[in-house]
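# A look at the structure
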Amino acid sequence: MKRILILLLLLLVNPLSAQSFEIPEDSRQLVVVSNKNWDDPVGRMYRFERESSTSPWKQVGKAVPINLGRTGLAWGSSPLMKTPQSGKVKKEGDGRSPAGVFPILKAFGHPKPPTGYDAENLDFLVVTDEQCVDDRNSEYYNQVVDPDKVGGVTWDSAETMKIDLYRLGLVVGHNCPKASPGMGSCIFFHLQRGPGQPTAGCTSMTDAALTELVLWLHTKEKPVVVQLPERIYQAQGDGFPKWGK
């Protein structure tokens with residue numbers, strides 16, 4: 001009864017606040033990113049793991065500070081959720097990180113994976129000449145591609161992947177596998193510029209925190225990331241673990 005009353009109250013305040021999500025049953029690693037309010041550009045990251053779909057989630061390590069897009073969060077698009085039809089929705093260039101539940105697709109970096117990376121970890125792209133296309137009119141929109149392997153540059157804008165901030169990173173499954181033009185592209189976890197310095201729409205953190213996260217993630221555990229404002233996250237069901245310090 002208490003949970004129903006909370007959801008009804010949230011709906012009166014904001015019809016999207018009680019948006020309900022589910023964590024896939026086969027996921028045994030969960031990354032949670034949460035900020036205080038929609039527009040906050042900073043937050044904290046938590047890690048959880050479980051032995052099976054019926055086992056309780058257990059927190060791994062301590063929370064770490066992270067940076068979000070300069071204007072906070074907005075609803076993203078993912079095969080693991082239904083995109084709300086009203087409210088703040090992620091758009092190209094809005095400076096917001098996507099909110100919702102997303103698969104973690106792969107790791108990347110240069111000049112090589114971190115020490116200790118092995119075959120059980122996520123697929124790792126060693127970056128050389130790749131670009132992430134953010135031209136919404138391109139057939140390669142929201143894809144990381146090597147121009148030499150797709151017939152050269154045919155897009156008007158893209159991010160060069162071989163930069164210091166992308167020395168290590170993760171690809172978040174927002175607006176894919178079939179990208180909708182203009183709904184946002186090139187969403188990563190990557191290295192931060194500095195404490196409290198926001199991103200253009202990604203999630204960033206220290207070298208130590210990101211390295212630990214990348215080494216912890218394993219393909220067979222089907223890891224997912226949940227990014228939500230704290231109030232929205234706390235309104236979810238019992239399948240969503242609560243965090244400590």
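Here goes a summary of the coordinates provided. These figures come from a predicted structure and were not determined experimentally.

### Section: the overall build of the chain
If you tally the helices and strands in the chain, you get 3 helices and 13 strands. Counting all 245 residues of the chain, 52% fall into the buried class. Restricting the contact set of the chain to residue pairs at least 6 apart, pairs at least 24 apart contribute 65%. If you sum the accessible surface of the chain, you get close to 12100 Å²; carbon and sulfur atoms cover 53% of it.

### Some remarks on the environment of V153
Mapping V153 onto the fold places it in the loop between β8 (144–145) and β9 (158–160). Taking the C-alpha atoms as reference, V153 lies 9.8 Å from V133; in sequence the two are 20 residues apart. If we ignore the near neighbours within four places in the chain, the residues touching V153 are Q131 and P147.

### Regarding the state of the cysteines
Applying the stated criterion to the full structure yields 1 disulfide. The disulfide bridge from C132 ends at C186, spanning 2.2 Å between sulfur atoms. Disulfide C132-C186: torsion about the S-S bond near -105°, hence left-handed. With C132 in strand β7 (residues 131–133) and C186 in the loop between β10 (168–172) and β11 (188–191), this residue pair connects regions lying 54 residues apart in the sequence. Each of the two residues, C132 as well as C186, counts as buried. As a non-bridged cysteine, C202 has C186 as the owner of its nearest cysteine sulfur, 7.7 Å distant.

### Some remarks on the packing of aromatic side chains
Across all of its chains, the model carries 10 aromatic pairs by this definition. Geometrically, the ring pair formed by F108 and F188 is edge-to-face, given 5.1 Å between the ring centres and 65° between the ring planes. Taken as a pair, F108 in strand β5 (residues 97–109) and F188 in strand β11 lie far apart in primary sequence, 80 residues in all. Here F108 and F188 have matching classes, each one buried. An angle of 80° between the planes, with centres 5.9 Å apart, marks the rings of Y140 and W155 as edge-to-face. Of this pair, Y140 sits in the loop between β7 and β8 while W155 is found in the loop between β8 and β9, placing the two residues 15 residues apart along the sequence. Residue Y140 is classed as buried on the basis of its relative accessible area, which comes to 16%. A relative accessible area of 7% means that W155 is categorised as buried. For R47, the ring lying beneath its charged end belongs to W216, and the centroid distance is 5.0 Å.

### What to know about unusual backbone geometry
In this chain, H110 is followed by P111 through a cis amide linkage whose omega measures 5°. One can find P111 in the loop between β5 and β6 (124–126). Across the junction of C176 and P177, the peptide omega takes the value 15°, indicating a cis bond. Mapping P177 onto the fold places it in the loop between β10 and β11.

How each quantity is defined
- Residues numbered from 1 in each chain as written.
- Predicted model: local features only at pLDDT ≥ 70, side-chain atom pairs only at ≥ 80, totals over all residues.
- Heavy atoms only, no water.
- Helix = DSSP H or I, 4+ residues; strand = E, 2+ residues; numbered from the N terminus.
- Buried < 20%, exposed > 50% of the residue type's maximum accessible area, 1.4 Å probe, protein only.
- Contact = heavy atoms within 4.5 Å.
- Areas by Shrake-Rupley, 256 points an atom, 1.4 Å probe, with all protein chains shown as cover.
- Disulfide = S-S within 2.5 Å.
- Phe/Tyr/Trp six-rings, centres within 6.5 Å; stacked < 30°, edge-to-face > 60°.
- Lys NZ or Arg CZ within 6 Å of the ring centre and 35° of its normal.

The analysis is restricted to geometry; functional conclusions fall outside its scope.
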